[in-house]
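Topology and contacts: notes
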Amino acid sequence: MVHTPDGAADGVQEASDARDTRNTREIRDTRDTAKPWFRQLYIQVLVAIVIGIVLGWRWPDLATSMEPIGTTFITAMKMLIGPIVFLTIIGGIAGVADLKKVGLTGIKALTYFQIGTIVALLTGLVAINIVRLGDGVHADPSTLDTSGDAGQYIEQGRQQHWWEFLTHVVPNSVFGAFVEGDILQVIFLAVIFGIALKAVGAVGEPIIAGVHRLTEVVFKVLSFVMKVAPLGAFGAMSYAIGKFGLSTLTSLGSLILLFYATSLLFVVVVLGGVLAAYVKLNIFQLFRYFKDEFFLILGTSTAEPALPGLMRKLRFMGVERSTVGLVVPTGYSFNLDGAAIYLSLATVYIAQATDTPLSITQQLGLLAVMLLTSKGAAGVAGGGFIALTATLSTVGHVPAAGIMLVFGIDKFMSECRALVNFFGNAVATLFVAKWENGLDLARAREVLAGRAGEPPVSVEAEDTVPAPARAPDTSSAPASA
């Protein structure tokens, strides 16, 4: 056993008391002083998106040259995602008293993810079977041009097998997962290291303390990068409109509209119903709470930049650190509700457009395959297209070349996919936290009602959030409007 000298212990206690005092003051300050409207991140990002749309519409050549601005911001965010996921998972596991709870939390989360994915896939299937937009297109797959980027995605999808995401979990090296930015492999490493640190007991405590300090440093770097988020959203939106044009939106507007309507229905009815019935919270209040992340995703077309904000705000709501650290990063790879809706809807649309008959049995077979291929859509450039091609290639009923029918509008559907994925993971974390009795429901209601102030930017300040209540609460009370 390692014994700490009394003087050292006193010094640690004094430092802890000072830190708690500073953190308490910081949270009080966030409640007392609100930012002016023009300094709110979501306002800045929204203005940047509007400017980007106008630039792409009026001056497309100039707008396409803005691509490096958007891609550089997204690259900078992805640079931090791996370390953030790794450190927060280790910190979450280290904060659990019993390692058995880590396993139980993981099993509950994966169970929820699979059920959620099945419901999302069924939602897309039902929507496209009711509104048969592909009927009458009569596209000939042999005449479709599959060159350029789309051809590369098709080839990758054909080479990808349904079981690869399972074998791909284990990285070739410890650092390879971080170099390649493979979140699934980073999660695997983090879980192994976290369990090992917890298992060695006192020997691992200095390392765990170092993990918490390093986490604060990484989040501080993140705060620097987030200051240029409006610029990144401007560059990404300018390029999208300038490259593909508003005419692309109108040419296949019906399919885009169906996808957005189906996704909205899924989020409000399915996710909102789960949140209200079980967690006793209001989905519309959740929308307002995550408005910064909403517009950030809308501008950049990816949910990754919003991951740190999601974790920070869930902690501020009163969700246990360990639950946030385990469920959120895992959900970004396993809980892709938006991608699931897109896969089922796009697959059946392509079948309809190419006059490929699909029976109910064949569609259910597609659903079973998509349960696996949808997991490969995370953290990969063109992941949605690769997963779609992998699905078509595995089943063999629908020609893979048919994805060219939706390639032009994929960019304008990616925002919706990312938004649904984001809110799906927010609801999933709250659901699992309630299931684990790791959610302070009273605090969550205060936060969503706007009576708890703004979440502190500092990671350390999160430690002053009251611990989730363990005693039975008023969970039977109706959700606040």
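Use the structure listed above.
Residues numbered from 1 in each chain as written. Predicted model: local features only at pLDDT ≥ 70, side-chain atom pairs only at ≥ 80, totals over all residues. Heavy atoms only, no water.

1. A short note on the overall build of the protein chain
How we decide: Helix and strand definitions follow DSSP, with helices as H or I runs of at least four residues and strands as E runs of at least two, each counted in order from the N terminus. Only protein chains enter the accessibility calculation, which uses a 1.4 Å probe; a residue is then buried when its area is under 20% of its type maximum, exposed when over 50%, and partly exposed in between. Throughout, a contact is declared for two residues whenever any of their heavy atoms are within 4.5 Å. Under the convention used here, a 1.4 Å probe and the Shrake-Rupley method define accessible areas, while residue burial counts only the protein chains that appear.
Within the protein chain, the secondary structure is distributed over 22 helices and zero strands. When burial is assessed residue by residue, the protein chain has 52% of its 481 residues classed as buried. Taking the contacts inside the protein chain whose residues are at least 6 apart along the sequence as the reference set, 85% of them involve residues at least 24 apart. Per element, the accessible surface of the protein chain, about 21,300 Å² overall, is 64% carbon and sulfur.

2. Let's talk about the environment of Gly242
With respect to the helices and strands, Gly242 occurs in helix 11 (residues 229-251). Expressed as a C-alpha distance, the spacing of Gly242 and Ser65, which sit 177 residues apart in the sequence, is 8.9 Å. With sequence-adjacent residues up to four places away left out, Gly242 is seen in contact with Gly56, Pro60, Ala63 and Thr64.

3. Some details on the environment of Asn425
Rules: For the purposes of these results, a polar contact is taken to be a pair of N or O atoms within 3.5 Å, where, inside protein, one atom must be able to donate a hydrogen and its partner to accept one; residues adjacent in sequence count only when each atom of the pair is a side-chain atom.
As for its position among the elements, Asn425 is in helix 21 (residues 410-435). Between the alpha carbons of Asn425 and Asp337 there is a distance of 8.7 Å; along the sequence they are 88 residues apart. When near neighbours in sequence (up to four residues on either side) are disregarded, Asn425 contacts Leu310, Gly331, Tyr332 and Asn335. Within the local environment of Asn425, its side chain forms a polar contact with the backbone oxygen of Asn421, the two atoms lying 3.0 Å apart.

4. Focus: the environment of His212
Assignment of secondary structure puts His212 in helix 10 (residues 205-226). Considering only alpha carbons, one finds His212 and Ile90, 122 residues apart in sequence, at a separation of 9.2 Å.

5. Regarding the packing of aromatic side chains
What counts here: Only the six-membered ring of Trp is used, alongside the rings of Phe and Tyr, when aromatic pairs are assigned; centres must lie within 6.5 Å, and planes under 30 degrees apart are stacked while those over 60 apart are edge-to-face, with the rest tilted. Each ring is checked for a lysine NZ or an arginine CZ that lies within 6 Å of its centre and within 35 degrees of its normal; such an atom marks a charge sitting over the ring.
Evaluation of the coordinates by the stated rule reveals 14 aromatic pairs. Seen from their ring centres, Tyr112 and Phe113 are 6.5 Å apart, and the 75 degrees between their planes marks the pair as edge-to-face. Both residues of the pair, Tyr112 and Phe113, belong to the buried class. Relative to Phe423, the ring of Phe287 lies with its centre 5.0 Å away and its plane at 75 degrees, an arrangement referred to as edge-to-face. Of this pair, Phe287 sits in helix 13 (residues 283-289) while Phe423 sits in helix 21; the two residues are 136 residues apart in sequence, bridging distant segments of the chain. Members of the aromatic cluster, each reached through a chain of ring pairs, are Phe284, Phe287, Tyr289, Phe290, Phe422 and Phe423. Across from the ring centre of Tyr289, 5.4 Å away, lies the NZ or CZ of Lys313, which sits over that ring.

6. Notes on unusual backbone geometry
For Asp355, which is not glycine, the phi torsion reads 55 degrees and is therefore positive. If you trace the backbone, Asp355 turns up in the loop between helix 17 (337-353) and helix 18 (360-373). Given a relative accessible area of 45%, Asp355 falls into the partly exposed group.

Nothing here speaks to function; it is geometry throughout.
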